[in-house]
Amino acid sequence: RGCEVRAGAGAGRGSGRARPASRGLSSVCAVAEGEPSEGREPFELPRFWDALGQTFQVTSQEATKLSLAFSRPPLPSAEDCRKLSEDVQNAILAVATVYYWLPKGQGTTLRKMVRDATTEVVEGMIQLTDTILNAPEESLSQEQLISTGGVWEACEHVSNLPRGEYNQAAVVSALAACLGVVKDAVEEMEHALVEGQDPYGDIMEDEELGFRGNRDTYWSEADRQLLSSCMGLMKASKACLKKVLAAVKAHGKAESPEQIAQLDDLADIANEISPSVDELALSMYPPVNPLAVRLNAAKLASVLKKVLEIAKASHVCPPSEEGWVQFLTGAVDHNMNKVKNFTQGQL
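Residues numbered from 1 in each chain as written. Predicted model: local features only at pLDDT ≥ 70, side-chain atom pairs only at ≥ 80, totals over all residues. Heavy atoms only, no water.

S.K.: I tried to follow the overall build of the protein chain on my own but got confused; where do I start?
M.R.: Per the secondary structure count, the protein chain includes 11 helices and two strands. Listing the helices and strands of the protein chain from first to last along the sequence gives β-β-α-α-α-α-α-α-α-α-α-α-α. Going through the 347 residues of the protein chain one by one, you find that 46% of them count as buried. A separation threshold of at least 6 residues defines the contact pool for the protein chain, and within that pool the share at least 24 residues apart is 79%. A total accessible area of about 17,800 Å² is found for the protein chain, and carbon and sulfur atoms account for 52% of it. (Helix = DSSP H or I, 4+ residues; strand = E, 2+ residues; numbered from the N terminus. Buried < 20%, exposed > 50% of the residue type's maximum accessible area, 1.4 Å probe, protein only. Contact = heavy atoms within 4.5 Å. Areas by Shrake-Rupley, 256 points an atom, 1.4 Å probe, with all protein chains shown as cover.)

Right, here's the structure in full:
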């Protein structure tokens, strides 16, 4: 907009209008794909959180300065643009630097959450810069306001990151998020399966086809018998996540590399439950293909058995917790066997 605004080390000049340099996008990729190193100094978690919060706050302030500078005439001079660009770049580099303080040994779940938050801030600043460069001369566009707010929101996310006992708090947060998604899926399917409920009742009728009289949009009695066992697996998924979450809260520790790795393993396998529940739920809608339902049920049962095995072998499952592990293992097997019996004739 009459002067060069750089995102990264420099900017290209295409058809008269500056563009953010490719180095800005490369920085995002470096953060998203890079691995923090163990560092030479002893790692202090409180110091890390303080530094990360400060860098996010500075980045938010720089986004405000940049947006205000291009919100009304007169536009910044070339020298002012250079200063704005340097300040933005320094803020982003500081955010990335603090992220790389976090050692791998603190846990992959915690690192992923911090990495995602860091990447969101970097991407938000690149989008804001690009929006400013492409906006009409001397005008404050709605896109610029939205992009500025996006950076603010991304920078505020640092306050929501779990800051408890190292990786244990991060795993609790991850498990709670998975549980919330699975709860919603179970409730949605329970509502659809209400006796006499039309699973497509919220879909408008097609103007050309008229009323939906096709029986493929409804469940038969045989379908409902099969799906009751599938619902058993979905409810077992919710119960499994609920119990594992409670066990991690009660017994989870991050005092040794082994404990941290066990917590990460639980978070990783738990992340597979929600997609498996979703795939099963989608296959349960009419017209029902029994073999597809059986396949998706088997996938979910396999994931649940793996979660229970990992939980039982970890430090979060002392002898006092083994009862629910055994009960849920039996519930998964029971419902999966029922699914197999209902679909045996389809093989």
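S.K.: Hey, could you run me through the environment of glutamine 344 in this one?
M.R.: Note that glutamine 344 resides in the segment after helix H11 (322–343). C-alpha of glutamine 344 to C-alpha of proline 290: the two residues are 54 residues apart in sequence and 9.3 Å apart in space. Here arginine 294 takes part through its side chain, which lies 3.5 Å from a polar atom of the side chain of glutamine 344. (Polar contact = N/O pair within 3.5 Å; in protein donor to acceptor, adjacent residues only side chain to side chain.)

S.K.: Is there a simple way to explain the confidence of the model for the protein chain in this structure?
M.R.: Predicted coordinates in areas of low pLDDT are best not read in detail. Chain-level statistics for the protein chain give a pLDDT mean of 84 and a share of 79% at 70 or above. A low-confidence stretch, residues 1–25 (pLDDT under 50), is modelled with 57 contacts involving residues beyond four sequence positions or located in other chains. Here residues 208–213 scores under 50 on pLDDT; set against residues more than four positions off or in separate chains, the count is nine contacts. (pLDDT = per-residue confidence, 0-100.)

S.K.: Sorry, what's going on with unusual backbone geometry here?
M.R.: Backbone phi values are negative for most residues with the exception of glycine, while trans is the configuration of most peptide bonds. Here the bond from proline 73 into proline 74 is cis, since omega is -5°, no more than 30 degrees from zero. With respect to the element layout, proline 74 can be found in the loop between helix H2 (45–69) and helix H3 (78–99). The step from proline 286 to proline 287 runs through a cis peptide bond, and the omega angle for that step is -5°. As for its position among the elements, proline 287 is in the loop between helix H9 (273–283) and helix H10 (290–313).

S.K.: Can you help me understand the packing of H2 against helix H5 (residues 142–156) in this one?
M.R.: Two numbers describe a pair of packed helices, the interaxial angle and the distance between the axes. Packing of H2 against H5 brings their axes to within 8 Å, and their N-to-C directions diverge by 170°. Put simply, H2 runs roughly antiparallel to H5. Across from Phe56, Thr59, Ser60, Ala63, Thr64 and Ser67 in H2, the residues of H5 making contact are Gln144, Thr148, Val151, Trp152, Ala154 and Cys155. Class assignment for the residues of the contact of H2 with H5 results in six nonpolar, six polar and no charged. (Axes fitted to C-alpha atoms, helices over the stretch in contact; angles between N-to-C directions. Parallel < 35°, antiparallel > 145°, perpendicular 65-115°, else oblique. Nonpolar A, V, L, I, M, F, W, Y, C, P; charged D, E, K, R; others polar.)

S.K.: Would you take a moment to explain the pattern of salt bridges for this structure?
M.R.: When their charged atoms lie close together, side chains carrying opposite charge are able to pair. Considering all chains together, one arrives at nine salt bridges under this definition. Across the pair lysine 83 and aspartate 87 runs a salt bridge, and its minimum N-O distance is 2.8 Å. Of this pair, lysine 83 and aspartate 87 both sit in helix H3, four residues apart, which is roughly one turn of the helix. What makes lysine 83 partly exposed here is its relative accessible area of 43%. Look at aspartate 87 and you get buried, because its relative accessible area is 15%. (Salt bridge = Lys/Arg side-chain N within 4 Å of Asp/Glu carboxyl O.)

S.K.: Would you mind going over the packing of aromatic side chains with me for this structure?
M.R.: Each aromatic ring pair is summarised here by two numbers: the centre-to-centre distance and the angle between the ring planes. Taken as a whole, this structure holds four aromatic pairs when the rule is applied. Clustering of aromatic rings is evident, with ring pairs tying together Phe43, Phe48 and Trp49. Above the ring of tryptophan 101, the side-chain terminus of arginine 47 is found at 5.0 Å from the ring centroid. (Phe/Tyr/Trp six-rings, centres within 6.5 Å; stacked < 30°, edge-to-face > 60°. Lys NZ or Arg CZ within 6 Å of the ring centre and 35° of its normal.)

S.K.: I would appreciate a short explanation of the nonpolar core in the present structure.
M.R.: One recurring pattern in soluble globular proteins: nonpolar side chains tend to sit buried together. In this structure, Met189, Met234, Val244, Val248, Ile273 and Met284 are the most contacted members of the largest nonpolar core, which totals 56 residues. Listed by contribution, the elements that provide at least two residues to this core are helix H6 (167–192), helix H7 (221–251), helix H8 (257–270), H9, H10 and H11. Of the residues forming this core, the biggest block, 13 residues, is contributed by H7. In contact with isoleucine 273, other than residues within four places in its own chain, are Val182, Ser237, Leu241, Leu300, Val303, Leu304 and Val307. (Core = buried A, V, L, I, M, F, W, Y, C linked by side-chain atoms within 4.5 Å.)

S.K.: Looking at this structure, I do not really get the environment of glycine 180. What am I missing?
M.R.: Checked against the element boundaries, glycine 180 lands in helix H6. On the accessibility criterion, glycine 180 (28% relative accessible area) is partly exposed. The spacing of glycine 180 and leucine 241 is 61 residues in sequence and 9.5 Å in space, taken between C-alpha atoms.

S.K.: Help me out: how do you make sense of the packing of H7 against H10 in this one?
M.R.: Direction vectors running N to C along H7 and H10 enclose 20°, while the axes themselves pass 10 Å from each other. Comparing their axes, H10 and H7 come out roughly parallel. For the crossing formed where H7 meets H10, the hand is left-handed. Contacts between H7 and H10 pair Leu226, Cys230, Leu233, Met234, Ala236, Ser237, Cys240 and Val244 from the former with Pro290, Val293, Ala297, Leu300, Ala301, Leu304, Val307, Leu308 and Ala311 from the latter. Residue composition of the contact of H7 with H10, by class: 16 nonpolar, one polar and no charged. (Left-handed = near helix turned anticlockwise from the far one by under 90°.)

S.K.: Even after reading the chapter, I still don't get a negative patch on the surface, so can you show me in this structure?
M.R.: Among the surface-exposed residues, Glu120, Glu123, Glu153 and Glu156 lie close enough to one another that they form a single negatively charged patch. Mapped by element, the contributors of at least two residues to the negative patch are helix H4 (108–134) and H5. Its place among the elements puts glutamate 153 in helix H5. (Patch = residues over 30% accessible without salt bridge, like charges linked within 9 Å, V, L, I, M, F, W, Y side chains within 5 Å. Lys, Arg positive; Asp, Glu negative; His and termini not counted. Charge placed at Lys NZ, Arg CZ, Asp CG, Glu CD.)

S.K.: So what exactly am I meant to see when it comes to the side chain of asparagine 296 here?
M.R.: Locating asparagine 296 in the fold gives a position in helix H10. Classification of asparagine 296 as buried rests on a relative accessible area of 11%. Those residues in contact with asparagine 296, other than ones at most four positions away along the chain, are Glu279, Leu280 and Ser283.

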